[in-house]
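# Breakdown of the fold
For reference, the chains in residue letters:
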Amino acid sequence: MYQVATGAGFHDVWFERHPDDAGLTCCHRTNLINEQATFIERIDFVFARGLGPLNPRQTDLTFRVGFRPNERVPGPVHPLWASDHAGLVATWCRRPTVELPSPTAVRPVTESPTR
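Reading guide: rules and limits
Residues numbered from 1 in each chain as written. Predicted model: local features only at pLDDT ≥ 70, side-chain atom pairs only at ≥ 80, totals over all residues. Heavy atoms only, no water. Salt bridge = Lys/Arg side-chain N within 4 Å of Asp/Glu carboxyl O. Helix = DSSP H or I, 4+ residues; strand = E, 2+ residues; numbered from the N terminus. Buried < 20%, exposed > 50% of the residue type's maximum accessible area, 1.4 Å probe, protein only. Phe/Tyr/Trp six-rings, centres within 6.5 Å; stacked < 30°, edge-to-face > 60°. Lys NZ or Arg CZ within 6 Å of the ring centre and 35° of its normal. Disulfide = S-S within 2.5 Å.

## A closer look at the pattern of salt bridges
Counting across every chain of the model gives two salt bridges. Note that aspartate 12 and arginine 42 form a salt bridge whose closest N and O atoms lie 2.7 Å from each other. One end of the pair, aspartate 12, is in strand 1 (residues 11–12); the other, arginine 42, is in the loop between helix 2 (13–17) and strand 2 (47–48), and 30 residues separate them in sequence. Take aspartate 12 and arginine 42: they sit in the same class, and that class is buried.

And the structure:
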């Protein structure tokens, strides 16, 4: 499925933002009581296209959730993971498609109107 999405022009947002981090998301133990995440594969993806070049300074807007021990939720006996795998979160803003006039294109009024 990955090749189908990328072949259709979509970009793997995690890989674009974090090329040196595999972004593993799978899997916690089936009973969800493991204390540490021990992921061995990546099954969660965010794909996008038509966004233009990604700003490398905005890496904090794409992150994983559900893999830090402090993200576990209270369980009946032990803290539990909310899901059997982590998730990816990606946030971005589109630039306006309408060009705004440059400040030099607007002429200031230098004369007072005559009556």
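Back to the write-up after that little detour.
## A short note on the packing of aromatic side chains
All told, the structure shown has three aromatic pairs when counted by the stated rule. Connected via pairs of aromatic rings, a cluster forms that spans Tyr2, Phe45 and Phe47. Here the basic side chain of arginine 64 rests over the ring of phenylalanine 67, its NZ or CZ set 4.1 Å away from the ring centre. Against the face of tryptophan 81 rests arginine 72, its NZ or CZ located 5.9 Å from the ring centre.

## Examining the state of the cysteines
Enumeration according to the criterion identifies one disulfide in this entry. Paired through a disulfide, cysteine 26 and cysteine 27 show a sulfur-sulfur distance of 1.4 Å. An S-S torsion of about -60 degrees defines the bridge between cysteine 26 and cysteine 27 as left-handed.

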